[in-house]
Amino acid sequence: MSILNESYTLANGVEIPKLGLGTWFIDDDKAADAVKAAIEIGYRNIDTAQAYGNERGVGGGIRTSSVAREELFVSTKLAAEIKDYDGAVAAIDGSLEKLGLEYIDLMLIHSPQPWDDFRGGDYADGNRQAWRALEAAYRAGKVRSIGVSNFLESDLDTILSTATVVPQVNQLLVHAGNTPANLLAYCASKGILVQAYSPIAHGEMLKNTEVRAIAGRYGVTVPQLCIRYTLQLGTVSLPKTADPEHMRSNAEVDFVIADDDMAALRELQDMDYGEHTAFPVYGGK
């Protein structure tokens, strides 16, 4: 059975495919073709965000694909800068309009802080307001599940203190070299499924000699090893690519990483993101 046919079940009973297509850095005018190609290959989980500027293209690819809408799982994210209820309500409707879809399968708050103050000031009240807007959209059937992204334990506690719906997902930077074990365990304790974005660390893991050596022992590529690693952690894996050959290769992960290699990958520390350190998620703060 292909990984493309496997899924997890969220706390609310909604099924989410284990492997998805990330679309960060895929231009709006190229997104439709990339999404259609992925769906043709067998992908059923497509991830975008308001901040990516490609919701229109992603939606076009979904609507013109040969697969029924209800067979697909489409995620988007509320822009990190939106920290008020009315702004969030309007933005949720904006995503539905741009995507051209009647509902979204998963919508996340993209970050607990605006990108220009990532891991900075106190946005607790703004996050609670944005969450209230997501809860309203969830109750209205505009979104089938709701969650957060880049939220640490303290950020989750802020939401949980007033939430009527516990976040079903937390999308995090998780890869061999950066495995936030405590945060993963905390999410699991709350019934929150973690999605791993940038499982290949935006390509930086291709340079890691230890990861390359382990991949060599299994006769797989570094991306395949990295994707399999995040899957064995129990997370959804969201590798980004617009290349159909890479999409196919990324889904060929029907091997099992042995316990000792999993332990080595878990303990690996490699968070040198090179030129990508300029982006808040890689730069940390």
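Residues numbered from 1 in each chain as written. Predicted model: local features only at pLDDT ≥ 70, side-chain atom pairs only at ≥ 80, totals over all residues. Heavy atoms only, no water.

J.: How should I be thinking about the pairing of strand S5 (residues 73-78) in this particular structure?
T.: Every other side chain in a regular strand lies on the same face of the sheet, so the side chains alternate between the two faces. Counting buried positions over the six residues of S5 gives six, a clear majority of the element. Assessed by its sense of winding, the connection that carries the chain from strand S4 (residues 45-47) through helix H2 (residues 55-63) to S5 is right-handed. Note that the unit made of S5, helix H3 (residues 85-99) and strand S6 (residues 106-109) has a crossover that is right-handed. (Buried < 20%, exposed > 50% of the residue type's maximum accessible area, 1.4 Å probe, protein only. Helix = DSSP H or I, 4+ residues; strand = E, 2+ residues; numbered from the N terminus. Right-handed = clockwise from strand over helix to strand, strands pointing away.)

J.: Looking at this structure, how should I read the pattern of salt bridges?
T.: Where charged atoms from two side chains of opposite charge come close, those side chains can pair. Per the stated rule, a full pass over the model turns up 10 salt bridges. Linking Lys142 and Asp93 is a salt bridge whose minimum nitrogen-to-oxygen distance equals 2.9 Å. Here Lys142 is found in the loop between helix H4 (124-139) and strand S7 (146-149), whereas its partner Asp93 is found in helix H3, with 49 residues between them in sequence. Residue class for Asp93 comes out partly exposed when judged on its relative accessible area of 33%. A salt bridge links Asp105 to Arg144, with the shortest nitrogen-to-oxygen separation between them at 2.8 Å. Here Asp105 is found in the loop between H3 and S6, whereas its partner Arg144 is found in the loop between H4 and S7, with 39 residues between them in sequence. Residue classification places Asp105 among the buried residues on the basis of a relative accessible area of 0%. Here the residues in one salt-bridge network are Asp27, Asp29 and Lys30, joined through shared partners. (Salt bridge = Lys/Arg side-chain N within 4 Å of Asp/Glu carboxyl O.)

J.: It is not clear to me how helix H6 (residues 181-189) should be interpreted in this structure. Could you clarify?
T.: Since there are 3.6 residues in each turn of an α-helix, residues three or four apart along the chain are aligned in direction. Every buried residue of H6 is accounted for by Leu183, Leu184, Tyr186 and Cys187. One side of H6 carries all its buried residues, which in axial view fall inside an arc of 160°. Counted as exposed and oriented over 90 degrees from the buried face of H6: Asn182, Ala188 and Ser189. Packed against the buried residues of H6 are helix H5 (153-160), strand S8 (169-173) and strand S9 (193-197). Looking at the residues trailing H6, positive phi occurs at Gly191, about 75°. (Arc of directions from axis to C-beta. Contact = heavy atoms within 4.5 Å.)

J.: What should I look at first to understand unusual backbone geometry in this one?
T.: Most of the time, phi is negative for any residue but glycine, and the peptide bond is trans. Its identity as a non-glycine residue notwithstanding, Phe25 has a phi of 70°, on the positive side. Counting through the fold element by element, Phe25 comes out in the loop between strand S3 (21-22) and helix H1 (28-41). Given the relative accessible area of 42%, Phe25 is considered partly exposed. A positive phi angle is found at Ser198, which is not glycine, with a value near 50°.

J.: Looking at this structure, how should I read the environment of Arg132?
T.: By secondary structure assignment, the location of Arg132 is in helix H4. Its relative accessible area of 43% is what places Arg132 among the partly exposed residues. Considered as a pair, Arg132 and Tyr85 are 47 residues apart in the sequence and their alpha carbons are 6.9 Å apart.

J.: Looking at this model, I keep getting lost on the sheet that holds S5. Mind explaining?
T.: Working definition: the strands of a sheet are paired by backbone hydrogen bonds and lie parallel or antiparallel to each other. Strand order in the open sheet formed by eight strands is S3-S4-S5-S6-S7-S8-S9-S10, with parallel pairing between adjacent strands. Edge positions in the sheet fall to S3 and strand S10 (236-238), since each of these pairs with one other strand and no more. Looking at chain direction, S6 and S7 are connected through three bridges and run parallel. The residue of S7 that forms the bridge with Leu108 is Gly147. (Pairing = 2+ DSSP bridges.)

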